[in-house]
Amino acid sequence: MSTPTSTIRMASRTRTMIGSIIDSSTALLASQKHDIVRFAMGAPNAELIPTADFDRLLGAHAPGRYDYGATEGEPELIAQVQAFQQRLGIDTEPERLLITTGGMQGLDLAFKLLLDPGDLVVVEAPTYTNGIGTALSYQAEVIEAPVDADGMIVEDLPDIVARAGRAPKVIYTIPNFQNPSGTTMSLARRQLLLELAEEWDAVIVDDDPYGALRFDGEDVPAFAQLSPGNPRVVQVRTFSKILAPGLRVGWVDVDPALRAKAIDAKQAMDTCTSVPTQRMVADYLSEGLLDAHLTRLRGVYRQRKQAMRRIMTAQFGDDVTMTDPQGGFFLWVALQGRLAALDTQKLFPVALRHGVAYIPGPAFAASGRFGNALRVCFATSTPERMADGVARLAAAVDEQVAP
Ligand SMILES: Cc1ncc(COP(=O)(O)O)c(C=O)c1O
């Protein structure tokens, strides 16, 4: 990604703003005019968004719907989020909740309040680079911790931190069905991470957009369940993946003292999150529609994950390894054997030409690693579309590896 040069004297923090490496792939995708099977965006497909209910609820009359709202969020929505968190097993109270403009604003607020220039942040590798982009914009330094089938390898952290020579101030993790790897952090690692955060006087930023989308296996207790009321745990949540990303409604669940500062910070950012949208989401939840919607999504995503793995295996056999997520949206695919030397960034325009899109692995690490991996989103496509998409991917791969 190239940054335009300017004669304007910009703030030093602009030098560490990386922009979205993920979105640069999707921008190229958006400019294509031919039919493309989309494994790229982490978004529910249109048919899985309850637009009829949204239209009905948005049209309902409610006084003050178009006024400014309270910065912390509409009281009806805060009450509904509290009840939803409780249904997910997390006790909370309105004094801990702040409605945000999507999960991204929750991350931005968290890092804005926690990080000074030069502070150290532990991040997963691979990770959601838009998330670390917010930390970098506050001039933090990131160090990478590897991920395996049980999420971030927390046992490695003491060595990684010793090599860095100073303790981190924040540990940024996506513990459930991680973006991009699809892996979930084990209970033992969550417990160890809580201990390490205590030892290092650090905060765990727990970014969990996908946790409610578990379609197999048992829930692993959240940090907030393992350590209720722990001020070192900042929970960042969003309705983007369980309802619709265009709503731009999320929330943070944090220690009340941090929330008070977050309200001040949000006031200076956007005053409040869109009031009509907040009320629409609150009404959707108060009518009890979300739980049934989630049950439907889980069924669809289970079937799609299985289909994607089956089709990829049939197509590529031992030339790929894949994660096997129990929820969420993503499979992380590593190329090996005959395909080990293939560069998924170079493959990307070829794949687009063949009519399929994914996100290349290097988009998920600040260091640009993972050139032989890619992320596929299984949530968007029907199994029939997936079969077409994987066949197109195979054609692109053959073109690249052909002698
Ligand atoms: C891990 C993670 N965090 C945060 C976000 C941002 O969520 P939102 O679209 O609500 O800002 C995403 C979206 O892709 C994500 O995958």
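Parameters and conventions
- Residues numbered from 1 in each chain as written.
- Predicted model: local features only at pLDDT ≥ 70, side-chain atom pairs only at ≥ 80, totals over all residues.
- Heavy atoms only, no water.
- Helix = DSSP H or I, 4+ residues; strand = E, 2+ residues; numbered from the N terminus.
- Rg over C-alpha atoms; globule rule 2.2 N^0.38 Å.
- Contact = heavy atoms within 4.5 Å.
- Areas by Shrake-Rupley, 256 points an atom, 1.4 Å probe, with all protein chains shown as cover.
- Lys, Arg positive; Asp, Glu negative; His and termini not counted.
- Charge placed at Lys NZ, Arg CZ, Asp CG, Glu CD.
- Phe/Tyr/Trp six-rings, centres within 6.5 Å; stacked < 30°, edge-to-face > 60°.
- Domains from an automatic or database assignment.
- Buried area = accessible area lost by both parts, 1.4 Å probe.
- Salt bridge = Lys/Arg side-chain N within 4 Å of Asp/Glu carboxyl O.
- Polar contact = N/O pair within 3.5 Å; in protein donor to acceptor, adjacent residues only side chain to side chain.
- Nonpolar A, V, L, I, M, F, W, Y, C, P; charged D, E, K, R; others polar.
- Buried < 20%, exposed > 50% of the residue type's maximum accessible area, 1.4 Å probe, protein only.
- Axes fitted to C-alpha atoms, helices over the stretch in contact; angles between N-to-C directions.
- Parallel < 35°, antiparallel > 145°, perpendicular 65-115°, else oblique.
- Left-handed = near helix turned anticlockwise from the far one by under 90°.
- Near = heavy atom within 4 Å.

1. A look at the overall build of the protein chain
Thought 1: Within the protein chain one finds 13 helices and 14 strands.
Thought 2: For 403 residues, the compact-globule estimate of 2.2 N^0.38 gives 22 Å, and the C-alpha radius of gyration of the protein chain, at 21 Å, lies within 12% of that figure.
Thought 3: By sequence separation, contacts in the protein chain at least 24 residues apart represent 76% of the contacts at least 6 residues apart.
Thought 4: Counting every atom, the protein chain has about 16700 Å² of accessible surface; 52% of that belongs to carbon and sulfur.
Thought 5: Placing the 38 positive and 48 negative side-chain charges of the protein chain at their respective mean positions leaves the two points 5 Å apart.

2. Structural notes on the packing of aromatic side chains
Any aromatic ring pair is given by two values, namely how distant the centres are and how the planes are angled relative to each other.
Thought 1: Summed over all chains, the structure comprises twelve aromatic pairs.
Thought 2: Seen from their ring centres, F348 and Y358 are 5.6 Å apart, and the 85 degrees between their planes marks the pair as edge-to-face. Pair noted here: F348 is in helix 12 (residues 344-354) and Y358 is in the loop between strand 12 (356-357) and strand 13 (359-360), with a separation of ten residues, a long-range link.
Thought 3: Of the aromatic side chains, those joined through ring pairs into one cluster are Y210, Y301, F329 and F330.

3. A look at the domain arrangement of the protein chain
Thought 1: Assigned domains of the protein chain: these are domain 1 (13-49 + 292-401) and domain 2 (58-288).
Thought 2: The C-alpha centroid of domain 2 is placed 25 Å from the C-alpha centroid of domain 1.
Thought 3: Where domain 1 abuts domain 2, roughly 3000 Å² becomes buried across the two surfaces, and 61% of that area is made up of carbon and sulfur atoms.
Thought 4: Two residues, D216 and R302, come together in a salt bridge whose shortest N-O distance is 3.3 Å.
Thought 5: At the boundary of domain 1 with domain 2, the tally comes to 16 residue pairs in polar contact (both at pLDDT 80 or more).
Thought 6: When residues of the side of domain 1 that touches domain 2 are traced back to their parent elements, those giving at least two are helix 1 (21-30), helix 11 (289-316) and strand 11 (330-335).
Thought 7: Tallying contributions element by element places helix 11 first for the side of domain 1 that touches domain 2, with eight residues.
Thought 8: Taken together, the residues of the side of domain 1 that touches domain 2 sort by class into 22 nonpolar, nine polar and seven charged.

4. Overview of the pattern of salt bridges
Thought 1: Tallied over the full model, the rule gives 29 salt bridges.
Thought 2: Notably, a salt bridge pairs R214 with D219, separated by 3.1 Å at the nearest N-O pair.
Thought 3: Note on D219: relative accessible area 57%, which makes it exposed.
Thought 4: Notably, a salt bridge pairs K266 with D270, separated by 3.1 Å at the nearest N-O pair. Of this pair, K266 and D270 both sit in helix 9 (residues 256-270), separated by four residues, roughly a single helical turn.
Thought 5: Connected through salt bridges with shared partners, the residues D35, R385 and R392 form a single ionic network.

5. Considerations on the packing of helix 6 (residues 157-164) against helix 7 (residues 187-200)
Working note: a packed helix pair is described by the angle between its axes plus the distance between those axes.
Thought 1: Their axes nearest at 12 Å, the elements helix 6 and helix 7 cross at an angle of 25 degrees. By the angle between their directions, the pair helix 6 and helix 7 is classed as roughly parallel. Note on packing geometry: the crossing formed by helix 6 with helix 7 is right-handed. Along its contact with helix 6, which presents L157, P158 and V161, the element helix 7 presents L193, L196 and W200.
Thought 2: For the contact of helix 6 with helix 7, the per-class residue count stands at six nonpolar, no polar and no charged.

6. What to know about the site of the ligand
Thought 1: Near the ligand there are 13 residues, and of these D207, Y210, T238, S240 and K241 occur at the shortest range.
Thought 2: D207 has a polar side-chain atom sitting 2.6 Å from a nitrogen atom of the ligand.
Thought 3: Within the side chain of R248, a nitrogen or oxygen atom sits 2.8 Å from an oxygen atom of the ligand.
Thought 4: Calculation on the ligand without its partners gives an accessible area of 390 Å², and the protein chains cover 93% of this total.
Thought 5: Here the shell around the ligand is composed, by residue class, of five nonpolar, five polar and three charged.

7. What about the packing of helix 4 (residues 102-114) against helix 9?
Thought 1: With their axes 10 Å apart at the nearest point, helix 4 and helix 9 run at an angle of 115 degrees to one another. It follows from the interaxial angle that helix 4 and helix 9 lie roughly perpendicular. As for the relative orientation of helix 4 and helix 9, their crossing is right-handed in sense. Side by side, helix 4 and helix 9 meet where Q105, D108, L109, K112, L113 and L114 of the first sit next to L258, K261, A262, A265, K266, M269 and D270 of the second.
Thought 2: For the contact of helix 4 with helix 9, the residue count by class is seven nonpolar, one polar and five charged.

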